[in-house]
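Results of the structural survey
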Amino acid sequence: MDAAASRPSAPAKPHRPWYTVLYIQVLIAIAIGILIGHYFPKTGTALKPLGDGFISLIKMMIAPVIFCTVVHGIGSMRDLKKVGRVGVKTLFYFEAVSTLALGIGLLVGRTLQPGKGFDIDPTTLDAGSVATYVKRASEEGFVAHLLAIIPDTFIGAFARGDLLQVLLVSVLTGFAIARMGELGEKINSVIEGMAKIFFGVIGIIVRAAPIGAFGAMAFTVGAFGVGALWNLIELILTFYLTSVLFVLVVLGTIARIAGFSILRFIAYIKDELLIVLGTSSSETVLPHMIQKMEHLGASKPVVGLVIPTGYSFNLDGTNIYMTLATLFLAQATNTPLTLGQELGILVIAMITSKGASGVTGAGFVTLAATLQIVPDIPIQSLAILLGIDKFMSECRALTNLVGNGVATIVISRWEGELDAAKLHEAMAHPITVGEEMEEEPV
């Protein structure tokens, strides 16, 4: 008898009722939130703490999860040169794809001209409404952003929750442990145990995702109103269409070269995409993405370096938005731009976009930073976009998330550390949020 045939088959998982599946709960919560925000705007606005509370709970765990993931990954390496090699490849990939995203946003803006015909007089706009964003942009210049990567103290990185600060501290700690021999191995096993605890806590918190998505969506619709969409519907549709095409065509081509389907990958991370849609922040699913990428067959060191770094350096959705929105504002205010000036905007955006992060509204701040350097376009024109930025931020966050996931798989394959069999098996039988927290070893 064949050995494989005689082996007892694994017991089938019991069928889960549809209403217990998290992504269905999130979808229902988003729909109810939209209805309440539309028909009872005051109530919807008052529900904002539900969304804020969920985001805060997740952000509370991001720093320790990144620390444990990166430290354990680097501490387990025997070839420390590999860390530098992975880092160089990661930054090269990020720069190439980010520049492509900026170029696509510029090309679409030039071709479709979504701002043409608005004929807005900049002097009639309220400059005070965007003063806060302009001030933040001034304070968060490129040099200041680089210096801010260094925390005041070791613990300060965790207190602030700055992703790049935590990543810097984690990389240094991982290198130190990797050089400590037998003692380092013992410390690394403790780090691994701590990671299991933190992921267990996240597994509990994520069950509140429908409540967070409900509160965030009710607030968005209640505060800004669906009517805000109609005034600038052409820009919104242009941005969403461009982002979808970028994901399907550009990222889809990269995925195909790397040996997987972008559509299957999107289906694999559908839970995370829905949570991001509800909260408008890709940070809310960062811990889940780390585990899902490992479950997909990507190596732990690569996942630990690529995912956190990508939240500041690989924001494809934000890049598309920046060049497209800049051209929209120029067209809406009848500000003529030469081809040279438009290419200059692209170069400037390549620098200012590196200061963005996965936090809601960061894309708007980086847009303000870009306009500060481009004096031709009146900076008060940002007020045109203020009412719809919340709707735009959802698309930015979704595109950023897919881009970082694809980058992780590509760089793992580039390093020769992608388990192709596990990749296709995981995509064929995707796990749901919560299951991976309980079943997958860290």
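Keep in mind that this is a model prediction, so the values were computed, not measured.

1. Observations regarding the overall build of the chain
For the chain, the count of helices and strands is 24 helices and 0 strands. Expressed as a percentage of its 442 residues, the buried residues of the chain come to 55%. When contacts within the chain are restricted to residue pairs at least 6 apart in sequence, long-range pairs at least 24 apart make up 85% of them.

2. Things to note about the pattern of salt bridges
According to the stated counting rule, one finds 6 salt bridges in the structure shown. The closest approach of N and O atoms between Lys89 and Glu415, which form a salt bridge, is 2.8 Å. Here Lys89 is found in helix 5 (residues 81-112), whereas its partner Glu415 is found in the loop between helix 22 (389-414) and helix 23 (420-428), with 326 residues between them in sequence. For the pair shown, Lys89 and Glu415 are each scored as buried. The partner of Glu272 in a salt bridge is Lys292, with the nearest N and O atoms 3.1 Å apart. Placement of the pair is Glu272 in helix 15 (residues 270-279) and Lys292 in helix 16 (residues 286-295), with a sequence separation of 20 residues.

3. A look at the packing of aromatic side chains
Across all of its chains, the model carries 8 aromatic pairs by this definition. Summarising the aromatic geometry, the rings of Phe67 and Phe154 are spaced 6.4 Å apart at their centres and angled 85° between planes, so their arrangement reads as edge-to-face. Placement of the pair is Phe67 in helix 4 (residues 48-75) and Phe154 in helix 8 (residues 154-160), with a sequence separation of 87 residues. Since its relative accessible area comes to 43%, Phe154 is described here as partly exposed. Ring centres of Phe239 and Tyr240 lie 6.3 Å apart, and the angle between their planes is 85°; this geometry places the pair in the edge-to-face category. Judged by relative accessible area, which is 0%, Phe239 ranks as buried.

4. Points about the confidence of the model for the chain
Here the chain shows a mean pLDDT of 80. Residues at 70 or above account for 83%. Within the chain, helix 14 (residues 262-268) carries the highest mean pLDDT (93), whereas helix 1 (residues 3-6) carries the lowest (45). Here residues 1-11 scores under 50 on pLDDT; set against residues more than four positions off or in separate chains, the count is 1 contact. Every residue in residues 436-442 is under pLDDT 50, and counting partners more than four places away or in other chains gives 22 contacts.

5. Structural notes on the side chain of Thr309
Locating Thr309 in the fold gives a position in helix 17 (residues 300-313). The buried category is assigned to Thr309, whose relative accessible area is 11%. Separated by 2.6 Å, the side chain of Thr309 and the backbone oxygen of Leu305 make a polar contact. When sequence neighbours within four positions are dropped, the list of residues in contact with Thr309 reads Leu91, Phe94, Leu167 and Asn314.

6. Let's talk about the nonpolar core
Tyr93, Phe265 and Met293 are the most contacted members of the largest nonpolar core, which totals 118 residues. Counting residues per element, this core draws most heavily on helix 4, which supplies 12 residues. With sequence-adjacent residues up to four places away left out, Phe265 is seen in contact with Phe260, Met293, Leu296, Val402, Gly405, Val406, Ile409 and Met427.

7. A look at unusual backbone geometry
One non-glycine residue, Gln113, lies in positive phi territory at about 45°. Mapped onto the elements, Gln113 comes out in the loop between helix 5 and helix 6 (131-139). Its identity is not glycine, yet Asn334 carries a phi of approximately 55°, on the positive side. With respect to the helices and strands, the residue Asn334 is situated in the loop between helix 18 (316-332) and helix 19 (339-352).

Definitions and limits used
- Residues numbered from 1 in each chain as written.
- Predicted model: local features only at pLDDT ≥ 70, side-chain atom pairs only at ≥ 80, totals over all residues.
- Heavy atoms only, no water.
- Helix = DSSP H or I, 4+ residues; strand = E, 2+ residues; numbered from the N terminus.
- Buried < 20%, exposed > 50% of the residue type's maximum accessible area, 1.4 Å probe, protein only.
- Contact = heavy atoms within 4.5 Å.
- Salt bridge = Lys/Arg side-chain N within 4 Å of Asp/Glu carboxyl O.
- Phe/Tyr/Trp six-rings, centres within 6.5 Å; stacked < 30°, edge-to-face > 60°.
- pLDDT = per-residue confidence, 0-100.
- Polar contact = N/O pair within 3.5 Å; in protein donor to acceptor, adjacent residues only side chain to side chain.
- Core = buried A, V, L, I, M, F, W, Y, C linked by side-chain atoms within 4.5 Å.

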